[in-house]
Amino acid sequence: MNAKLIAFSGFVTVFLGAGIGFIAANLLPCPYTSQMYQDLEQKYVLVGAVAGLLIGSSQEMIRELKQERDAEEDLLQDLNKAIHSSKNPKNYE
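Residues numbered from 1 in each chain as written. Predicted model: local features only at pLDDT ≥ 70, side-chain atom pairs only at ≥ 80, totals over all residues. Heavy atoms only, no water.

A. View of the overall build of the protein. Helix and strand content of the protein: two helices and zero strands. Whereas a compact globule of 93 residues would reach a radius of gyration of roughly 12 Å, the protein reaches 24 Å, over 25% beyond that. Seen through its principal axes, the protein has C-alpha atoms that stretch 80 × 25 × 20 Å. For the protein, the proportion of its 93 residues judged to be buried stands at 17%. For the protein, the share of sequence-separated contacts (at least 6 apart) that also reach a separation of at least 24 residues comes to 71%. Each charge class in the protein was averaged separately, 8 positive and 11 negative side chains, and the resulting centres sit 6 Å apart. (Helix = DSSP H or I, 4+ residues; strand = E, 2+ residues; numbered from the N terminus. Rg over C-alpha atoms; globule rule 2.2 N^0.38 Å. Buried < 20%, exposed > 50% of the residue type's maximum accessible area, 1.4 Å probe, protein only. Contact = heavy atoms within 4.5 Å. Lys, Arg positive; Asp, Glu negative; His and termini not counted. Charge placed at Lys NZ, Arg CZ, Asp CG, Glu CD.)

What follows is the structure, given as structure tokens:
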């Protein structure tokens, strides 16, 4: 797997997630005033950034693994054809 590509994908989606968290914090103001609800904008940005990192990295890892699996399946199909053609050369002419 390409670790640089996975890291880049995670890095890009961190910014997207943080932006979504920032927008959500500004569009959904909290009516409460207790200490727990202070700095809610920073918490939303942090949660969005972490979610973006997890989603982006996971998606890229799945894409990389699918490419590897497809390549292995193609290799096995070619090998299977080669084995069958050596046993029965008349069938593959």
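B. Main features of the side chain of Glu60. The topology assignment puts Glu60 in helix 2 (residues 40–87). We classify Glu60 as buried; its relative accessible area is 10%. Of the polar contacts made by the side chain of Glu60, one reaches the side chain of Arg63; its length is 2.6 Å. When near neighbours in sequence (up to four residues on either side) are disregarded, Glu60 contacts Leu5, Ile6 and Ser9. (Polar contact = N/O pair within 3.5 Å; in protein donor to acceptor, adjacent residues only side chain to side chain.)

C. Broad picture of helix 1 (residues 3–27). Between its first and last C-alpha atoms helix 1 spans 36 Å; for 25 residues at 1.5 Å apiece the expected length is 36 Å, and the two agree. Those residues of helix 1 not exposed but buried are Ile6, Ser9, Gly10, Thr13, Gly17, Ala18, Gly21 and Ala25. Among the structural elements, helix 2 are those in contact with the buried residues of helix 1. One side-chain oxygen at the N-terminal end of helix 1 lies 3.3 Å from the backbone nitrogen of Lys4; it belongs to Asn2. (Expected span 1.5 Å × (residues − 1).)

D. Just a nonpolar patch on the surface, in detail. A cluster of nonpolar residues, Leu5, Phe8, Val12 and Leu16, forms a patch on the protein surface that exposes about 350 Å² of accessible area. As for its position among the elements, Leu5 is in helix 1. The exposure class assigned to Leu5 is partly exposed, which follows from its relative accessible area of 31%. (Patch = residues over 30% accessible without salt bridge, like charges linked within 9 Å, V, L, I, M, F, W, Y side chains within 5 Å. Areas by Shrake-Rupley, 256 points an atom, 1.4 Å probe, with all protein chains shown as cover. Salt bridge = Lys/Arg side-chain N within 4 Å of Asp/Glu carboxyl O.)

E. Structural detail: the pattern of salt bridges. Overall, the coordinates contain five salt bridges when judged by the stated rule. Lys66 is the partner of Asp70 in a salt bridge, and the nearest nitrogen-oxygen pair spans 2.9 Å. Remark: Lys66 and Asp70 occur in helix 2; sequence separation between them is four residues, near one turn of the helix. Exposure remark for Lys66: the relative accessible area of 44% places this residue in the partly exposed category. Residue Arg69 pairs with Asp70 through a salt bridge whose shortest N-O separation is 3.7 Å. Exposure remark for Arg69: the relative accessible area of 44% places this residue in the partly exposed category. Overall, Asp70 belongs to the partly exposed group, its relative accessible area being 26%.

F. Quick look at unusual backbone geometry. In this structure, Asp39 is a non-glycine residue whose phi angle is positive, near 55°. Looking at where Asp39 falls in the secondary structure, it is placed in the loop between helix 1 and helix 2.

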